Amino acid sequence: MPPSIGKSAWSRSLAAAMNAPSLSIDAVAASTGFVIAGTERGWSSARPGRPVQAILRHHHAGPVIVVDEVCKAASSHSTGGTRHNIQDSLLGLLEPVSAAHWKCPYYCVRFDMNAISWILTSNDFAKVPEPLLTRCAIIKCENLSHEELLSAG
């Protein structure tokens, strides 16, 4: 989908219309999946992932979480060769059966994450892994003409 057509702004407006708390995660800036899943205690940077933080902060099981530019998410590898990225962390949270029994690595308790509304934005579907695409309803947005933008205002 074309860049700069308002995908992120539309996503935030949808959350406001749903009267639900929302948060945005920039997949480009977050090089690992820890921002989504969290980190196990024992690490100096340990903390829960942002979805769990949002649920606890707002006392709301169904926040709207916008993951911007998921097509540009990078991977990092530990010294042991383990790969960490946002896309892999999202898989279990987007699969209803897994999301219903998702275990937070920080709190070591299970959370039912099924009430979360996930919106993933992408400028290039070809760069989004197939397992992630199969878990999403895809809405393709096209560039609007100048006239269409004026009439939408």
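Residues numbered from 1 in each chain as written. Predicted model: local features only at pLDDT ≥ 70, side-chain atom pairs only at ≥ 80, totals over all residues. Heavy atoms only, no water.

## Re the pattern of salt bridges
Side chains that carry opposite charge are capable of pairing whenever their charged atoms lie near each other.
Logical step 1: In the structure shown here, the tally under the stated rule is 2 salt bridges.
Logical step 2: Between Lys72 and Glu69 there is a salt bridge whose closest N-O contact spans 3.8 Å.
Logical step 3: Classification of Glu69 as partly exposed rests on a relative accessible area of 22%.
Logical step 4: Close ionic contact of Arg135 with Glu95 constitutes a salt bridge, the shortest N to O distance being 3.5 Å. Pair noted here: Arg135 is in the loop between helix H6 (130-133) and helix H7 (146-152) and Glu95 is in the loop between helix H4 (86-94) and helix H5 (96-100), with a separation of 40 residues, a long-range link. (Salt bridge = Lys/Arg side-chain N within 4 Å of Asp/Glu carboxyl O. Buried < 20%, exposed > 50% of the residue type's maximum accessible area, 1.4 Å probe, protein only. Helix = DSSP H or I, 4+ residues; strand = E, 2+ residues; numbered from the N terminus.)

## Focus: helix H1 (residues 7-17)
Logical step 1: For H1, the complete set of buried residues consists of Lys7, Ser11 and Ala15. Considered in projection along H1, the buried side chains sweep an arc of 80° and stay on one side of the axis. In this structure, H1 carries Ala16 and Ala17 as exposed residues pointing more than 90 degrees from its buried face.
Logical step 2: In this structure, the buried side of H1 is in contact with strand E1 (22-26), strand E2 (64-68) and strand E7 (117-120).
Logical step 3: Two residues or fewer after H1 comes Asn19, characterised by a positive phi angle close to 55°. (Arc of directions from axis to C-beta. Contact = heavy atoms within 4.5 Å.)

## Overview of the nonpolar core
Logical step 1: Counting 30 residues, the largest nonpolar core has Ile36, Val67, Ile86, Leu90, Trp102, Met113 and Trp118 as its most contacted members.
Logical step 2: At the level of elements, E1, helix H2 (34-37), helix H3 (50-58), E2, H4 and H6 are the ones that each hand at least two residues to this core.
Logical step 3: The element that contributes the greatest number of residues to this core is H4, accounting for 4 residues.
Logical step 4: When residues no more than four places from it in sequence are discounted, the contact partners of Ile86 are Ile25, Ala27, Ala30, Thr32, Gly33, Val35, Ile36, Val67 and Ala73.
Logical step 5: Ala15, Ala20, Val64 and Ile119 belong to the second-largest nonpolar core, a separate cluster that totals 5 residues. (Core = buried A, V, L, I, M, F, W, Y, C linked by side-chain atoms within 4.5 Å.)

## Quick notes on the pairing of E2
Logical step 1: Of all 5 residues in E2, 5 are buried, a share of seventy percent or more.
Logical step 2: Neither face of E2 is open: one carries Val64, Val66 and Asp68, the other Ile65 and Val67, and all of them are buried.
Logical step 3: Of the strand pairs in this sheet, E1 and E2 are connected by 5 bridges, and their pairing is parallel. Opposite Leu23, over in E2, you have Ile65 as the bridge partner.
Logical step 4: Bridge count between E2 and E7: 4 bridges; the pairing is parallel. Paired with Ile65 across the strands is Trp118, a residue of E7. (Pairing = 2+ DSSP bridges.)

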